[in-house]
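Each chain, written out:
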Amino acid sequence: MTATHDVDMEKMVVVEGSYSVAHAVKVCRPNVISAYPITPQTHIVEDLSQFMADGEIPGCEYLNVESEFSAISALVGASAAGARTYSATTSQGLELMHEVLFNVSGMRLPVVMTVVNRAVSAPINIWNDHQDSISQRDTGWIQLYAEDTQEAADMTAQAFKIAEDKDVLMPAMVCMDGFILSHVYEPVVLLEQDLVDQYLPTFDPEFVLDPKNPMSFGAFADPSTYTEFRYLQEKAMGVALRKIEDAANEFNEIFGRYYGGLIEEYNTEDAEIIIMAMGSIIGTLKDVIDAHSSKGEKIGLVKVRSFRPFPKFEIKKALKDAKMVVVLDKNISIGLNEGALFTETKACLYNTHIDVPVAGYMIGHGGRDIPVSTIEKIIDEAKAAMKTGIDIESQFTDLREELL
Amino acid sequence: MKEIRIHGRGGQGSVTAAELLAVAAFADGKFSQAFPAFGVERRGAPVQAFTRISDSTIRLRSQVYEPDYVIVQDPTLLEIVDVASGVKDEGIILINTEFAPETFKLDTKAKIITIDATRIALDVIGRPIVNTVLIGAFAGATGEIDPESIQNAVKERFPGKVGEKNAEAIQRAYEIMMGVKK
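Predicted model only: the values in this text are computed from it and were never measured.

Participant: Honestly, the sheet that holds strand S11 (residues 263–266) of chain A in this entry has me stumped. Any pointers?
Facilitator: Whether parallel or antiparallel, the strands of a sheet pair through hydrogen bonds between backbone atoms. Residues and elements named next belong to chain A. Sheet architecture is open: six strands sit in the order S11-S13-S12-S15-S16-S17, paired in mixed fashion. The open sheet is flanked by S11 and strand S17 (394–396), the only strands paired with a single partner. When strand polarity is set aside, the average angle formed by the axes of neighbouring strands in this sheet is 20 degrees. Bridge count for strand S15 (residues 324–329) against strand S16 (residues 358–362) is five bridges, and the pairing is parallel. Bridging across to S16, Val327 finds its partner in Gly360. Packing against the sheet, helix H11 (residues 340–349) makes contact with strand S12 (273–277), strand S13 (299–304), S15, S16 and S17, and its axis sits at approximately 145 degrees to S15.

Take a look at the structure:
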């Protein structure tokens, strides 16, 4: 389903993307925030600190910690004690959390974290790509990717609702592109407190750390039980597939904004070429696709909102009648020469009757800008591949040959 | 859609200027978007910031390559940055300088307009901070934004006397530009 927005300029203000996300966190009434500042996440935690200093987040404790490892570790305890918990990080900070991310998911703690997507070192680079969150793919966190700052804010409330659902209880990352979304000023509706209160129930977990009723989280599991923990995590992700759709629909009913559930399909009906991508590149792609549509060309877009859980069914359904699929990835699995969305899209089409060529483009690494001309070049190649077959299955885009 | 590229040096408030333009354009009833060309920010280094203004929602996220308008906060940038790059033929390049437009030999068909924003800033604000002066001049030179919306945006961002002084400087720059246009 295509996104629909009630655009009401009366309700909108022009603010920085980071501010609209920090504001969304505030109105979700967190009990514990723990974060360590790192570019380009910094403005979010600065704004939250300001809200705290101004007494605008009642019943919340903001923990100053000395590293991202501590930030996420503190939330393990807080969440297990029944607190609604939030953090934000990026890049090296997220990688430093890696070990604990498994613990959060394994203990089924619904921590919500904004990942302001940034490239990883070395070489050091502070700009946007998706390598940081994609590298945490298998930690058992829900991963949602936002197209614009409004969606990043709205997705924050949705993430709490999905993560804390008693049939899910899995942590969630809301991924927004560093600088491109975190530092852009554009009109948004700041989430209204009364509507969020209507949308998001209080966090009331069934199992909490409580001295009066002692229990342990994340204790020892020997070979006779460990497998079942993994199975139940996977099962919860299966439930999350439906809950992500539900959360988007309920959000639409209350707020009048919808961005798709697991995916958004844009112009996919009768589309010969379908482009797939995640994050802020979607806006540019929609503009390019509109320009082609006005010339009668059948090019569609599948925006993947949920990368984990991976919406195999929806993707297969969206791609089944296409003649050519192009997948854009702001990440690479080095040694496979493929981006993760490309690899997984191909994988989910195997063992089916869908027979469509899929080409992968790795794009926008380390913040390299993605102009319309680059998208046009990819579309030209897709048109040619539709006739003659795929020449190169997966490749880097806009490589500067003179530097090699 | 109209696209604006601002050239400045780190510390001159180029990003702030882009943001204020976006806030003011939205107050005028248009959609807007402002963002920096994220460099490794340090004082004095050449920086760029962008603003887009449109009658409909803005989805495009790339940097601005073919601007309708360019604002140059520091004329010494002309020696090291191609400020005319990609500017539309019918576009405008607004330069902060004491010299006349004819002084500048840029490879462009766009119109060059100059204003001594540093002088205005020193006279009115008392400090050589030219970003607000230049967006006031932009309003006069292009007619894209109501100068009052810019003044309101500046007063909201910088409350009190600082905002008032900046608003006055914006008014002066706007009036000078309206005079130039006649």
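Participant: What exactly am I supposed to notice about the packing of helix H3 (residues 68–80) of chain A against helix H4 (residues 91–106) of chain A here?
Facilitator: When two helices pack together, their arrangement is given by the angle between the helix axes and by the axis-to-axis distance. All names here are of chain A. In contact at an axis separation of 8 Å, H3 and H4 are set at 25 degrees when each is read in the N-to-C sense. The angle between H3 and H4 places the two elements in the roughly parallel class. Judged by the sense of rotation from one axis to the other, the crossing of H3 with H4 is right-handed. Residues Glu68, Phe69, Ala71, Ile72, Ser73 and Val76 of H3 form the contact with H4, whose participating residues are Gly93, Leu96, Met97, Glu99, Val100, Leu101 and Val104. Considering only residue class, the contact of H3 with H4 consists of nine nonpolar, two polar and two charged.

Participant: Just to check I follow, could you spell out the nonpolar core for this structure?
Facilitator: Generally speaking, a soluble globular protein has its nonpolar side chains buried in company with each other. Residue and element names in this part refer to chain A. Membership of the largest hydrophobic core comes to 50 residues, with the highest contact counts inside it found for Ile33, Ile44, Leu48, Tyr86, Ile142 and Leu191. If we skip the residues at most four places from it in the chain, Ile44 touches Ser18, Val21, Ala22, Tyr86, Ala88, Thr114, Val116 and Met176. Within the second largest apolar cluster, 47 residues are counted, among which are Ala83, Val100, Leu101 and Leu349.

Participant: In this structure, what is going on with a nonpolar patch on the surface? I would like to understand it.
Facilitator: All names here are of chain A. A contiguous nonpolar surface patch, about 310 Å² in accessible area, is contributed by Phe396, Leu399 and Leu404. Within the element layout of this structure, Leu404 appears in the segment after S17. Leu404 sits in the exposed class, given a relative accessible area of 70%.

Participant: I tried to follow the interface of chain B and chain A on my own but got confused; where do I start?
Facilitator: It is common to report an interface's size as the accessible area lost on association of the parts. Contacts between chain B and chain A engage 23 residues on the former and 29 residues on the latter. Counting the surface lost from both chain B and chain A, the interface buries some 2100 Å², and carbon and sulfur atoms represent 62% of this. At the surface where chain B touches chain A, the tally comes to three salt bridges. With its nearest N and O atoms 3.0 Å apart, the salt bridge here joins A:Asp287 to B:Arg59. Elements with a minimum of two residues in the side of chain B that touches chain A: helix H1 (14–27) and strand S2 (31–37) of chain B.

Participant: I keep staring at empty space enclosed by the protein and nothing clicks. Help me out?
Facilitator: Unoccupied space between atoms shows up once a probe the size of one water molecule is rolled over them. Throughout the structure, instances matching the rule amount to three cavities of 30 Å³ or more. Looking at the largest cavity, its volume works out to about 60 Å³. Considering only residue class, the lining of the largest cavity consists of five nonpolar, two polar and two charged.

Conventions we followed
- Residues numbered from 1 in each chain as written.
- Chains lettered and ligands numbered in written order.
- Predicted model: local features only at pLDDT ≥ 70, side-chain atom pairs only at ≥ 80, totals over all residues.
- Heavy atoms only, no water.
- Pairing = 2+ DSSP bridges.
- Helix = DSSP H or I, 4+ residues; strand = E, 2+ residues; numbered from the N terminus.
- Axes fitted to C-alpha atoms, helices over the stretch in contact; angles between N-to-C directions.
- Contact = heavy atoms within 4.5 Å.
- Parallel < 35°, antiparallel > 145°, perpendicular 65-115°, else oblique.
- Left-handed = near helix turned anticlockwise from the far one by under 90°.
- Nonpolar A, V, L, I, M, F, W, Y, C, P; charged D, E, K, R; others polar.
- Core = buried A, V, L, I, M, F, W, Y, C linked by side-chain atoms within 4.5 Å.
- Buried < 20%, exposed > 50% of the residue type's maximum accessible area, 1.4 Å probe, protein only.
- Patch = residues over 30% accessible without salt bridge, like charges linked within 9 Å, V, L, I, M, F, W, Y side chains within 5 Å.
- Areas by Shrake-Rupley, 256 points an atom, 1.4 Å probe, with all protein chains shown as cover.
- Salt bridge = Lys/Arg side-chain N within 4 Å of Asp/Glu carboxyl O.
- Buried area = accessible area lost by both parts, 1.4 Å probe.
- 1 Å grid on protein atoms, 1.4 Å probe; cavity = no way out; pocket = protein on both sides within 12 Å on 5 of 7 lines; lining within 4 Å.
- Points joined across faces, edges and corners; volume = space filled by probe spheres on them.

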